[in-house]
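A structural walkthrough
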Amino acid sequence: METKQQPKKIGIFGGTFNPPHIGHILSAEAAAKKLDVDLLLLIPTGLPPHKELPEQTPTAEDRLEMLRLATDGMKNTEILDWELKRAGKSYTIDTVHALQAEYPDGEFYLMMGTDMFQSLESWREYEALLSLVHLVVFNRGEKEETERNRAYAQKLKEQYGADIICMREKPTVISSTQLRAAVKEGTWHPFVSPAVYGYILRRQLYGIKRDLHRLSIEELRAVACSFLRAKRVPHVMGTERAAIALAERWGASKEDAQVAALLHDCTKRLTMEEQLKLCEKYDIVLDDLEQKALKLLHALTGAEVAREVCGVSDAVYSAIRWHTTGKADMSLLEKIIYMADFIEENRDFPGVEPLRKLAFEDLDRAMLLGFEMTIEEMNEMGNPIHFRTLEARDWLKGKRHEC
Ligand code: ATP
């Protein structure tokens, strides 16, 4: 039996992440790279010993989800929710002991910014802590901070034999406090990722009060990102661009095309179990094939979520609803979203270039070709084809014969 190799060099980065920002991410990434750690552990604090959680701090689940969104796609990185689950204050020494038990051969690099570093001698069992970890210190940008950190590191080395690495990277000057203030004023600070900001909007965190049915397109784009895995974001942004181009070419509403494209995959990341729960919630009746085919469900549930969360129009609802199987008698917007999803700039399959060209010359012929390609591919893979797709193909064939 193959045994998974245990990571040896392990970076630990704790914080309230309230909300997470690029100062956290860039510092941790730079340190992880410089030290060549095998694993970076991000550990959201439950109850910080050194500061009160401010009013309107989101729940532990929301802070955890924001951190997931902020770090989705980061290599060799995991989020540990141990401190969120532990009762009482979150002491780092307890976490390090637990990590030693989990990774008996681990060598730990505890990362922190200047504010935390300079308070180190007030931490619980700090001498023991210093004997168990290497410390990695980030500047946060205040004047003369580098000198202060170096002097303090020297003192800790001499007094306790601590091993301290002071990072030299240019600091990203930002704090969660500043970001909470910006959010409260309704401003989206560029140091918060779109996915995190979209989540803040969607969950109305930090006292923000926005009507999600009346968001600007930038805000809606952020909300769309908050629904997605990071790796799917380029596809959705590509679909938005393709949908705009097709709407302009064929005279559809650009705004409807954008909204439908941005939200078309909003439930794509869900598991079968989660999809089925949504089907139950929205009274969606599934046919035989849909009951087995996870890939077909996100169009059905996505349309419902887009309507409930963002209040999309019936036309947009319907374009999302039919973007996977297609159907007979498709509206212009339905065709545009189906086609934009098929040909957006990140798609790369044999025949995509001629199909892209055709979509701007004769949309119905492009749709017919798209359905035929899908049917052929499904046949080759031995997958069943949804009857709506066959109906869509036959409808378009019939239209061609009428011409
Ligand atoms: P708050 O403003 O609410 O006090 P914060 O911005 O300091 O929050 P935390 O989540 O408390 O963020 O910080 C977690 C860790 O990240 C701490 O060690 C902190 O010093 C460090 N840190 C926070 N912001 C930065 C930054 N911009 N650059 C480098 N390190 C940072």
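My aim in this report is to walk through the structure given alongside it, one point at a time.

Parameters at a glance
Residues numbered from 1 in each chain as written. Predicted model: local features only at pLDDT ≥ 70, side-chain atom pairs only at ≥ 80, totals over all residues. Heavy atoms only, no water. Helix = DSSP H or I, 4+ residues; strand = E, 2+ residues; numbered from the N terminus. Contact = heavy atoms within 4.5 Å. Areas by Shrake-Rupley, 256 points an atom, 1.4 Å probe, with all protein chains shown as cover. Lys, Arg positive; Asp, Glu negative; His and termini not counted. Charge placed at Lys NZ, Arg CZ, Asp CG, Glu CD. Near = heavy atom within 4 Å. Polar contact = N/O pair within 3.5 Å; in protein donor to acceptor, adjacent residues only side chain to side chain. Nonpolar A, V, L, I, M, F, W, Y, C, P; charged D, E, K, R; others polar. Pairing = 2+ DSSP bridges. Axes fitted to C-alpha atoms, helices over the stretch in contact; angles between N-to-C directions. Buried < 20%, exposed > 50% of the residue type's maximum accessible area, 1.4 Å probe, protein only. Right-handed = clockwise from strand over helix to strand, strands pointing away. Phe/Tyr/Trp six-rings, centres within 6.5 Å; stacked < 30°, edge-to-face > 60°. Lys NZ or Arg CZ within 6 Å of the ring centre and 35° of its normal. Expected span 1.5 Å × (residues − 1). Core = buried A, V, L, I, M, F, W, Y, C linked by side-chain atoms within 4.5 Å. Domains from an automatic or database assignment.

**Some words on the overall build of the protein chain**
In terms of regular secondary structure, the protein chain is built from 20 helices and 6 strands. When contacts within the protein chain are restricted to residue pairs at least 6 apart in sequence, those whose partners lie at least 24 apart make up 69%. As displayed, the protein chain offers around 20300 Å² of accessible surface, 49% of which is attributable to carbon and sulfur atoms. Computed over 54 positive and 64 negative side-chain charges, the inter-centroid distance for the protein chain is 2 Å.

**Examining the site of the ligand**
Residues in contact with the ligand amount to 23 residues; listed here are only the nearest, Lys51, Asp115, Thr172, Ser176 and Thr177. Between the ligand and the protein, one listed contact pairs an oxygen atom with a side-chain N or O atom of Arg140 at 2.7 Å. For the ligand, an oxygen atom lies 2.7 Å from a polar atom in the backbone of Ser176. Here the ligand, which alone exposes 600 Å², has 94% of that area covered by the protein. Broken down by secondary-structure element, the contributors of at least two residues to the shell around the ligand are strand S1 (9–15), helix H1 (22–35), strand S4 (107–113), helix H5 (114–117) and helix H8 (176–184). Split into classes, the residues belonging to the shell around the ligand amount to 6 nonpolar, 13 polar and 4 charged.

**Quick word on the sheet that holds strand S3 (residues 77–79)**
Pairing in this open sheet of 6 strands is parallel, and the strands run S3-S2-S1-S4-S5-S6 from one edge to the other. Only two strands of the sheet have a single partner each, and these edge strands are S3 and strand S6 (164–166). Averaged over neighbouring strand pairs, the angle between their axes works out to 25° when direction is ignored. Sheet topology note: the strand S5 (residues 133–138)/S6 ladder contains 3 bridges and is parallel. Opposite Val137, over in S6, you have Cys166 as the bridge partner.

**Regarding the pairing of S1**
Among the 7 residues in S1, 5 count as buried, and that is most of the element. With 5 bridges joining them, S1 and S4 adopt parallel strand pairing. Considered in S4, the bridge of Phe13 is made with Met111. Crossover handedness for the path S1 to H1 to strand S2 (residues 39–44): right-handed.

**Comments concerning the packing of aromatic side chains**
On inspection of all chains with the given rule, the structure shows 8 aromatic pairs. Measuring from ring centre to ring centre gives 4.9 Å for Trp188 and Tyr197, while their planes differ by 10°; the resulting arrangement is stacked. Aromatic side chains Phe342 and Phe349 sit 5.7 Å apart centroid to centroid with 70° between the ring planes, which places their arrangement in the edge-to-face category. Residue classification places Phe342 among the buried positions, given a relative accessible area of 15%. Residue Phe349 is classed as partly exposed on the basis of its relative accessible area, which comes to 25%. What links up through ring pairs into an aromatic cluster is the set Tyr338, Phe342, Phe349 and Phe371. The side chain of Arg249 reaches across the aromatic face of Trp250, ending 3.9 Å from its centre.

**Points about unusual backbone geometry**
Pro19 follows Asn18 through a cis peptide bond whose omega is 5°. Within the element layout of this structure, Pro19 appears in the loop between S1 and H1.

**What about helix H17 (residues 332–343)?**
Here H17 spans 16 Å end to end across 12 residues, near enough to the 16 Å set by a 1.5 Å rise per residue. Of all 12 residues in H17, 11 are buried, a share of seventy percent or more. Looking at H17, one finds that the buried residues are Leu333, Glu334, Lys335, Ile336, Ile337, Tyr338, Met339, Ala340, Asp341, Phe342 and Ile343.

**Some words on the side chain of Ser90**
Note on placement: Ser90 falls in the loop between helix H3 (82–85) and helix H4 (92–102). Overall, Ser90 belongs to the buried group, its relative accessible area being 4%. At a separation of 2.9 Å, a polar atom in the side chain of Ser90 contacts the main-chain amide nitrogen of Gly46.

**Some words on the nonpolar core**
One finds Val136, Leu263 and Met339 to be the most contacted residues of the largest nonpolar core, which totals 94 residues. Looking at this core, the element that brings in the most residues is H17, giving 8 residues. Formed jointly, this core draws a minimum of three residues from each of two domains, domain 1 (9–172) and domain 2 (231–402). When neighbours within four sequence positions are excluded, Leu263 is seen to be in contact with Leu220, Ala224, Phe227, Ala306, Cys310, Val312 and Ile320. Counting residues in hydrophobic clusters, the runner-up holds 27 residues, among them Val96, Phe108, Leu130 and Val133.

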